[in-house]
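Coordinates in review
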Amino acid sequence: ELFEILTATLGEYGRLSLPDGGLNLWLELPGEISAREVYFNAVRRGVAFAVADSFSFRPERPSALRIAFGLTAPKDYEEGASRLAHVLRNVVSPQRSLSSAVV
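We now turn to the structure provided with this report. (Residues numbered from 1 in each chain as written. Predicted model: local features only at pLDDT ≥ 70, side-chain atom pairs only at ≥ 80, totals over all residues. Heavy atoms only, no water.)

1. Overview of the overall build of the protein
How we decide: The way it works is that DSSP assigns letters per residue, a run of H or I at least four long becomes a helix, a run of E at least two long becomes a strand, and they are numbered from the N terminus. Residue contacts follow a heavy-atom distance rule, with two residues in contact if any of their heavy atoms lie within 4.5 Å.
The number of helices and strands found in the protein is three helices and four strands. A fraction of 61% describes how many contacts in the protein between residues 6 or more apart in sequence connect residues 24 or more apart.

2. Some thoughts on the pattern of salt bridges
The cut-off we apply is this: What counts as a salt bridge is simple: a side-chain nitrogen of Lys or Arg found within 4 Å of a carboxyl oxygen of Asp or Glu.
Under the defined criterion, the tally for this structure stands at three salt bridges. With a shortest N-O distance of 2.8 Å, Arg 15 and Glu 28 are connected by a salt bridge. Pair noted here: Arg 15 is in strand β1 (residues 15-17) and Glu 28 is in strand β2 (residues 24-28), with a separation of 13 residues, a long-range link.

3. Focus: the side chain of Asn 24
Applicable threshold: Here the term buried applies to any residue with accessible area under 20% of the maximum for its type, exposed to any over 50%, and partly exposed to those in between, with areas from a 1.4 Å probe on protein chains only.
Looking at where Asn 24 falls in the secondary structure, it is placed in strand β2. Since its relative accessible area comes to 17%, Asn 24 is described here as buried. Residues contacting Asn 24, with those up to four places away along its chain left out, are Leu 18, Pro 19, Arg 66, Ile 67, Ala 68 and Phe 69.

4. Brief notes about the nonpolar core
The criterion, for reference: In plain words, nonpolar cores are sets of buried Ala, Val, Leu, Ile, Met, Phe, Trp, Tyr and Cys residues tied together by side-chain atoms within 4.5 Å.
One finds Val 38, Leu 65 and Leu 84 to be the most contacted residues of the largest nonpolar core, which totals 27 residues. Elements represented by at least two residues in this core include exactly α1 (2-10), β2, α2 (35-44), β4 (64-68) and α3 (77-101). When neighbours within four sequence positions are excluded, Leu 65 is seen to be in contact with Leu 25, Trp 26, Leu 27, Leu 29, Ala 35, Val 38, Phe 49, Ala 50 and Leu 84.

5. Remarks on the environment of Asp 76
Within the element layout of this structure, Asp 76 appears in the loop between β4 and α3. Since its relative accessible area comes to 33%, Asp 76 is described here as partly exposed. For the pair Asp 76 and Leu 2, spaced 74 residues apart in the sequence, the C-alpha separation amounts to 9.7 Å.

Below, the structure is given as structure tokens:
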């Protein structure tokens, strides 16, 4: 259920994957989106996740979010996805505007 909700809500911002086992999802972001910037904006909206580079020593790893769902009630999935989508929209839009303005 969560995977479907997040895919529908966040799919335009990156590639979502569900690793075998565990209680986490990964959202890999395009290179121009800073996972750390998304994180700091998300915390202000009451959404928290781990930035994937905290789990890897490989700098070439794509910018990604590690989204834990083990302690989240299913009734809160849509609200959390909606808040995170709002943050991503606000982080991505200014960057797209800047990149399209620079020709």
